[in-house]
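Breakdown of the fold
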Amino acid sequence: MRWPDQVEVREVGPRDGLQNEEPVPVAARVRLIDALSATGLRRIEAASFVRPDAIPAMAGAEEVMARIARRPGVAYRALVPNARGAERALAARADELELVVSASETHNRANVRRGVADSVIAARDVVTLAHGEGVPVEAIVSTAFGCPYEGDVAPERVAQLAGLLLDAGADALSFGDTTGMATPRRVHDLLDALERAGIAPGRVALHFHDTRGTALANVVAALERGVTRFDASVGGLGGCPYAPGASGNAVTEDLVHMLHDMGVGTGIDLEALIGCARLAGEIVGRDLPSAMLHAGPRTRRHEAGA
Ligand code: COA
Ligand code: ZN
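Keep in mind it's a predicted model, so treat the numbers as computed, not measured.

1. Some words on the environment of Val 204
Mapping Val 204 onto the fold places it in strand β7 (residues 204-207). If we skip the residues at most four places from it in the chain, Val 204 touches Leu 173, Phe 175, Leu 191, Leu 194, Ile 199, Val 227 and Arg 229.

2. Comments concerning helix α5 (residues 105-112)
Think of an α-helix as 3.6 residues a turn; residues three or four steps apart then line up on the same face. Along α5, the positions that sit buried rather than exposed are His 107, Asn 108 and Val 112. Buried positions in α5, seen along its axis, are confined to an arc of 100 degrees and lie on one side of it. Where α5 is buried, its residues touch β4 (96-102), α6 (116-132) and β5 (137-142). Immediately downstream of α5, the backbone of Arg 113 shows phi near 60 degrees, a positive value.

3. Quick word on the pattern of salt bridges
Scanning all chains against the criterion turns up 24 salt bridges. Taking the shortest distance from any N to any O, the salt bridge between Glu 87 and Arg 84 comes out at 3.5 Å. With a gap of three residues between them, Glu 87 and Arg 84 both fall in helix α4 (residues 83-91), about one helical turn apart. Classification of Glu 87 by relative accessible area gives partly exposed; the value is 40%.

4. Considering the site of ligand 1
In the vicinity of ligand 1, 16 residues are found, and the nearest of them are Arg 51, Asn 82, Arg 88, Asn 111 and Arg 113. One of the backbone N or O atoms of Gly 85 is found 3.3 Å from a nitrogen atom in ligand 1. A distance of 2.7 Å separates a nitrogen atom of ligand 1 from a polar atom in the side chain of Asn 111. Calculation on ligand 1 without its partners gives an accessible area of 920 Å², and the protein chains cover 65% of this total. Elements with a minimum of two residues in the shell around ligand 1: α1 (13-19), α4 and α5. Examining the composition of the shell around ligand 1, we find that three residues originate from one element, α4, more than from any other. Looking at the shell around ligand 1 residue by residue, the class counts come to seven nonpolar, four polar and five charged.

5. Focus on the coordination of the zinc ion (ligand 2)
Distances from the zinc ion (ligand 2) to its protein donors, namely Asp 16 (OD), His 207 (NE2) and His 209 (NE2), fall within the range 1.9 to 2.1 Å. Donor residues for the zinc ion (ligand 2) sit on one chain with the sequence pattern D-x190-H-x1-H. Of this pair, Asp 16 sits in helix α1 while His 209 sits in the loop between β7 and α9 (215-223); the two residues are 193 residues apart in sequence, bridging distant segments of the chain. The exposure class assigned to Asp 16 is buried, which follows from its relative accessible area of 5%. In this structure His 209 comes out as buried when scored by relative accessible area, which is 7%.

6. Regarding the nonpolar core
One finds Leu 97, Phe 175 and Leu 206 to be the most contacted residues of the largest nonpolar core, which totals 94 residues. The greatest single-element share of this core, amounting to nine residues, is contributed by helix α11 (residues 270-284). Once residues lying within four places of it in the same chain are set aside, the contact partners of Leu 97 are Ala 78, Val 80, Ala 86, Ala 89, Leu 90, Val 126, Ala 130, Val 135, Pro 136, Val 137 and Glu 138.

7. Let's talk about the pairing of strand β3 (residues 75-80)
Most of β3 sits out of view: six of its six residues are buried. Sheet analysis places strand β2 (residues 43-48) next to β3, joined by five bridges and oriented parallel. When the bridges of β3 are listed, Glu 45 appears paired with Arg 77. Handedness of the crossover joining β2 and β3 through helix α3 (residues 61-67) is recorded here as right-handed. Direction of pairing for β3 relative to β4: parallel, over a ladder of four bridges. Bridge pairing in β4 links Leu 79 to Glu 98. For the crossover that starts at β3, traverses α4 and ends in the parallel β4, the hand is right-handed.

About the cut-offs
- Residues numbered from 1 in each chain as written.
- Chains lettered and ligands numbered in written order.
- Predicted model: local features only at pLDDT ≥ 70, side-chain atom pairs only at ≥ 80, totals over all residues.
- Heavy atoms only, no water.
- Helix = DSSP H or I, 4+ residues; strand = E, 2+ residues; numbered from the N terminus.
- Contact = heavy atoms within 4.5 Å.
- Buried < 20%, exposed > 50% of the residue type's maximum accessible area, 1.4 Å probe, protein only.
- Arc of directions from axis to C-beta.
- Salt bridge = Lys/Arg side-chain N within 4 Å of Asp/Glu carboxyl O.
- Near = heavy atom within 4 Å.
- Polar contact = N/O pair within 3.5 Å; in protein donor to acceptor, adjacent residues only side chain to side chain.
- Areas by Shrake-Rupley, 256 points an atom, 1.4 Å probe, with all protein chains shown as cover.
- Nonpolar A, V, L, I, M, F, W, Y, C, P; charged D, E, K, R; others polar.
- Donors = N, O, S within 2.8 Å, 3.2 Å for Na, K, Ca; no water.
- Core = buried A, V, L, I, M, F, W, Y, C linked by side-chain atoms within 4.5 Å.
- Pairing = 2+ DSSP bridges.
- Right-handed = clockwise from strand over helix to strand, strands pointing away.

Take a look at the structure:
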């Protein structure tokens, strides 16, 4: 089996992770982002510009963006749900915008309070605003592997929405497994449907949650198809505080460890990343699901004679 020599791991812990934890102060969010920016990560999802009353853990997005120590070569990204969010994110000097639209109607209405068709229309405004400032837009198709309300989401529907978002001017595409329903079989099914729609795996980023323990298996399935961009959350931040034991995104350091051992480069310093995972655990005050935090990387165990 031939895997890519190099992939990009993109950190989403400061947004997707922390949004699903008890709110932590802006200063702690800034500390985590600054620590992550020193690990070799090139893209960090730093904030979301949504209604603070909808997502209290993401309140203070402007302050976070103003206080981080921007490192050259690192893109600080912001999730936006609409044009108002794009205006705020651009004013806060986000390097890239991520526009979220769900593939399932019910989830889109629950998440951003409008239908999918209206989100697609609004995507043009977001793109116009961003491109006016020279900022690229990645469209995130969420519930791409299943919807918590509607169940299965047909891969053709996901591919069709992706095409509409490209038509609206999106520069890149990402597919989110919002509630951890993907399996390798569903990864292949979606990549097949995308290919039929003219969207090659090399243009796709994937965003897995480990809710059902399949995140790394899904990554391997996608690697075998030539996908080279993956999102992950340091420490595995993102377990819902009201559901003990629930796990969040794919764990960044577990993913990086696996990739390096497979001979797939990431440019990320694993030890520095594990340091960030420790910091993430201190910030949220709970034991995080990270295997690297519990078991350590294999080299360290071997050195210890374990
Ligand atoms: N940021 C801050 N305020 C916003 C906003 C944004 N991105 N978008 C709209 N608003 C404000 C409007 O200015 C308006 O304020 P006003 O009453 O003072 O004039 C008010 O919200 C209502 O505007 P409306 O366009 O009707 O938005 P809404 O109330 O339907 O909310 C969202 C839409 C998308 C902003 C809201 O549902 C939201 O923030 N959802 C969170 C989505 C999310 O983060 N999900 C998790 C990540 S995928
Ligand atoms: Zn997510």
